[in-house]
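Descriptive structure summary
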Protein chains: 2
Amino acid sequence: MSAEQWIVGVDIGGTNLVVGLVPAAGGEPRGLRIRATAAERGPEAVVTDIVRMARESVRETGEEMGGAPLDVVGLGAGCPGPIDRAAGVVIESPNLQWREFPLRDRIEALVDWPVTVDNDANCATYGEWWQGAGRGVSSLVGVTIGTGIGGGYILDGRLVHGASDGAGEVGHTTVNVSGRRCACGNDGCLEAYASGPAIANRAREGLAAGGDSLLTRLVDGELSRITAATVYEAVVSGDPYATEVLTEAAKFLGAGIANLVNILNPEAVVIMGGVTRAGEHLFVPLKAEVRRRAFRALVEACRILPARLPETAGVVGAAGILAAHLSGDPSTT
Amino acid sequence: MSAEQWIVGVDIGGTNLVVGLVPAAGGEPRGLRIRATAAERGPEAVVTDIVRMARESVRETGEEMGGAPLDVVGLGAGCPGPIDRAAGVVIESPNLQWREFPLRDRIEALVDWPVTVDNDANCATYGEWWQGAGRGVSSLVGVTIGTGIGGGYILDGRLVHGASDGAGEVGHTTVNVSGRRCACGNDGCLEAYASGPAIANRAREGLAAGGDSLLTRLVDGELSRITAATVYEAVVSGDPYATEVLTEAAKFLGAGIANLVNILNPEAVVIMGGVTRAGEHLFVPLKAEVRRRAFRALVEACRILPARLPETAGVVGAAGILAAHLSGDPSTT
C-alpha cells in the first residue's frame, strides 16, 4: 500500500473513545482524538462521535501535511464484546450496553470508506504485532489485562478468530479447578486472580484485616478507593505489601501464559494494560512462573514482552486490520 | 492426487510399530503390519524394520490389487518426542531412548521415496481430521490420552506446529496451580490427573485403602496389575468405584478441553486413546464440565467427538502429512 494512503483507526472502549489516522503502510497515528465514550446516549450517538472525530482527525492531519486532501482508504474499528465480523455486528457488549448493533453498516452509512469491525483485544494484539512490541514475529499471543483479561492470537501474520469469532478468551481459562469464583460463573479462571479488579480486591481484603501499607495513605485511609492503578503506583514506590499482592497475581498470570506457551509454542507473548506500569515487579515473577511451568524448549523459543503502544495499540491495530482486509487477508473479511 | 497413488504410513509407538499403505487421495490403510517396536536394539534396527514392513505392505497390497506394480509416492512417519521437522531429526524420545536421531535421512537412504517425519500426536490428529472423526472441519484440536496426554491443532486444514515444532503440549497445561506433581516437574498439569497411568494410580490408591470393586477381581487381588485399561473394562461392566475414578479424570479433562475451547474456538475436539472405550461414561461428565467452564457460544460452535480411527489414525495421518507435503502445504515441510 502506498505511503500516502491513510486509515482511520477507532478504539471504542468502555471508558474512552479514541480515534486517529494511521499511515496505511504503518506508522504512528496522527490527529489523535480522545473523549469519553457516550455509551449512556446509545450506540447511534457513539457512531456520530466516531464520524465527527474521524473527520477532525483527517482535517487536522491534512493541515499538518501541507493542506492537500488526504487519501483515506478506510476505517477500522475495535469494540469490546463478541462480534460477528462478517456482518459487522456487535453481538453483545455489556460494558457499552449494546446488543445486536450493526456498527459497520451504521458507520458506512455516514462515510465513503469501507469499514471493518473486530474485537478490542484482537485489535490491540494486531497493533502490537504490526507496529509495536511484536514486529517481525510470525506467531504472537497478546494478553490484555484490564477490567477483564482478553487475548488475541496471530499466526503467520494473521489473526486467528476461531469458528465463531470467539477465540482468545484467555481470561476465562481455568488455572485452579476449585478456586475463586469468576464473574463468568466458572471457578478458578485466570481473570479471577489477575484482572485489575481482582488485584484491587485482593489488596483491599488484606488491608481490611489490618496491616500497614503505602496503599492506605495513597487513598487517605478509604480502602474502597483502592484500584489496580493504586496498587501499581505503590509497587513502583517500593511498598512491600502491594508488591506481595502483585507478585501473587503475576504467578497466576505466569501459569496462564505457560499454558498458552505449551499449547501454541508462539514466538512472542505481549502483555498489555496498566499492569505493565509495574515493570520488572510484574515481569520477573511472571517469567519465573512461565519457566517453572512450560517446557524449556518452548520457553526459550518465546519472548515475553511488555506492550510498546500502551495508549494507541487499539487504534493502530484496528487500522492495520482494515489494511490487511484491503490487501485480501481472508482472516479480516 | 491421483487415486492410483499410494503412501506408506508409519506409526512408531513406544510399544508397537505399525506400517500400512494409504491411498494418496485418502482411504483406509491396506497391507497393515504391526510388530513390537524393537527400541532396545537401537534406532537403526527400527529403521530396518520400518523399511522391511513397508516393502511387505507394498507387495501384499500390490498382489491384492491385481499384481501390477503400485505407484508409491512417499513415506510419512510419526514418532513420539520433540522433532526437528525441517531436519527430519528426532531430538529426544524418552520412550524410545533416542536422541538426535536423523530418522528421515536414515529411511531415505534405504528407499526411493521422499520421507516426512512429524510428532505422533500431530499425526494422529491429522489422521482424524483427514479421514476420521474430524473430516470436513476447518479447525480441530486432537487430544491423545495414553501414557501421556498429547495434542495437535489444525487450523484451516493445516497443522499448527509452533515456533519450534513444540505446539500441542496439552497434557502439560496447568489446571490446578497447587495440585498434583507431574512427571514434568510442574504442579497441577492435566496429565497428572487424566493420563492412563494417573487413572490407574488413582484406582489403586483408593483400593489400597480398602473398599470393594470389580477391579480387584479383574486383577485377582493384585492391585499393582491395575492399568487404565482395567479401569475402562470395569466401568463398561458397571462398577461404581471404577466409574467414580473415571468421572474424576473426565472432569479434569473437561477443564483442560474447556481451556482449549476458550482459547482457540475450534469447530471440533477429537478425543483419542484407550479411554474412549469407556464411551458415554467418559463423554457425559467430560462434556458437562466443558459446558460448565467454557463460554456457551464457543461450546455451541464446537463438537467434542470420539476418535473414529483408534488403531490407524497415526498411520493414516503420517501418510496424509506426506500427501500435504507433496501438495506444497508449507506447514509440512
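Residues numbered from 1 in each chain as written. Chains lettered and ligands numbered in written order. Predicted model: local features only at pLDDT ≥ 70, side-chain atom pairs only at ≥ 80, totals over all residues. Heavy atoms only, no water.

**Concerning the overall build of chain A**
Each helix and strand in chain A was counted, giving 11 helices and 13 strands. The C-alpha radius of gyration of chain A comes to 20 Å, within 12% of the 20 Å expected for a compact globule of 333 residues. Along the first, second and third principal axes, the C-alpha set of chain A runs to 60 × 45 × 40 Å. Within chain A, the fraction of its 333 residues that count as buried is 61%. Taking as baseline every contact in chain A between residues at least 6 positions apart, the subset at least 24 positions apart corresponds to 61%. A total accessible area of about 13100 Å² is found for chain A, and carbon and sulfur atoms account for 48% of it. Side-chain charges in chain A split into 28 positive and 39 negative, and the spacing between the mean points of these groups amounts to 4 Å. (Helix = DSSP H or I, 4+ residues; strand = E, 2+ residues; numbered from the N terminus. Rg over C-alpha atoms; globule rule 2.2 N^0.38 Å. Buried < 20%, exposed > 50% of the residue type's maximum accessible area, 1.4 Å probe, protein only. Contact = heavy atoms within 4.5 Å. Areas by Shrake-Rupley, 256 points an atom, 1.4 Å probe, with all protein chains shown as cover. Lys, Arg positive; Asp, Glu negative; His and termini not counted. Charge placed at Lys NZ, Arg CZ, Asp CG, Glu CD.)

**Quick look at the domain arrangement of chain A**
Residue and element names in this part refer to chain A. Segmenting chain A into domains produces domain 1 (5-130 + 311-332) and domain 2 (136-306). On a C-alpha basis, the centres of domain 1 and domain 2 stand 27 Å from each other. Between domain 1 and domain 2, the buried area comes to about 1400 Å², and carbon and sulfur atoms account for 59% of it. Contact with domain 2 buries area across many residues of domain 1, yet Asn122, Thr125 and Trp129 alone supply 42% of it, more than any other trio. Along the contact surface separating domain 1 from domain 2 lie 2 salt bridges. For Arg85, the salt bridge identified is with Asp165, shortest N-O distance 3.0 Å. Linking domain 1 with domain 2 are 5 residue pairs in polar contact (both at pLDDT 80 or more), by the criterion used here. Within the residue set of the side of domain 1 that touches domain 2, elements represented by two or more residues are strand S5 (83-84) and helix H3 (120-131). In terms of residue count, H3 provides more of the side of domain 1 that touches domain 2 than any other element does, 7 residues in total. (Domains from an automatic or database assignment. Buried area = accessible area lost by both parts, 1.4 Å probe. Salt bridge = Lys/Arg side-chain N within 4 Å of Asp/Glu carboxyl O. Polar contact = N/O pair within 3.5 Å; in protein donor to acceptor, adjacent residues only side chain to side chain.)

**Topic: the environment of Met65 of chain B**
Residues and elements named next belong to chain B. The residue Met65 is located in the loop between helix H1 (43-64) and strand S4 (71-79) in this model. Spatially, the C-alpha atom of Met65 lies 21 Å from that of Gln131, the residues being 66 residues apart in sequence. Beyond its immediate stretch of four places on either side in the chain, Met65 contacts Trp6, Arg30 and Leu70.

**Section: the nonpolar core**
Within the largest apolar cluster, 112 residues are counted, with the highest numbers of intra-cluster contacts made by Ile271 and Leu282 of chain A together with Ile271 and Leu282 of chain B. Sequence-distant contacts of Leu282 of chain A, defined by excluding residues within four places in its chain, comprise Leu246, Ala250, Leu253, Ile271, Val275 and Thr276 of chain A. Membership of the second largest hydrophobic core comes to 31 residues, among which are Val10, Ala39, Ile83 and Leu103 of chain A. (Core = buried A, V, L, I, M, F, W, Y, C linked by side-chain atoms within 4.5 Å.)

**A closer look at the pattern of salt bridges**
Residues and elements named next belong to chain A. Per the stated rule, a full pass over the model turns up 42 salt bridges over all chains. Residues Asp105 and Arg104 are paired through a salt bridge, measuring 3.5 Å at the closest nitrogen-oxygen approach. Among the charged side chains, a salt-bridge network with shared partners connects Arg33, Arg35, Arg41, Asp49, Arg52, Glu56 and Glu60.

**Points about the relation of the copies chain B and chain A**
Overlaying chain B on chain A yields an RMSD of 0.0 Å, the required transformation being a rotation through 180° with an accompanying axial translation of 0.0 Å. Taken together, the turn and the small shift mark the pair as related by a two-fold rotation axis. (Least-squares fit on C-alpha atoms with pLDDT ≥ 70 in both.)

**Brief notes about the environment of Pro80 of chain A**
All names here are of chain A. The topology assignment puts Pro80 in the loop between strand S4 (71-79) and S5. Judged by its relative accessible area of 8%, Pro80 falls in the buried class. Sequence separation of Pro80 and Val90 is 10 residues, and the distance between their C-alpha atoms is 8.3 Å. When residues no more than four places from it in sequence are discounted, the contact partners of Pro80 are Ile12, Val90, Glu92, Ser93, Leu96 and Asp120.

**Thoughts on the sheet that holds S4 of chain A**
Residue and element names in this part refer to chain A. If you trace the 5 strands from one edge of the open sheet to the other, you get S3-S2-S1-S4-S8, paired in mixed fashion. Where the open sheet ends on each side, the last strands, each with one partner, are strand S3 (30-36) and strand S8 (115-119). In this sheet, adjacent strand axes meet at a mean angle of 15° when their direction is disregarded. Two elements, strand S2 (residues 16-23) and S3, share 5 bridges in a ladder whose sense is antiparallel. Looking at S3, one finds that Val19 is bridged to Arg33. Contacting strand S1 (5-12), S2, S3 and S4, helix H1 (residues 43-64) crosses the sheet at an angle of about 150° to S3. Where H3 meets the sheet, it contacts S2, S4 and S8, and its direction lies at approximately 100° from that of S8. (Pairing = 2+ DSSP bridges. Axes fitted to C-alpha atoms, helices over the stretch in contact; angles between N-to-C directions.)

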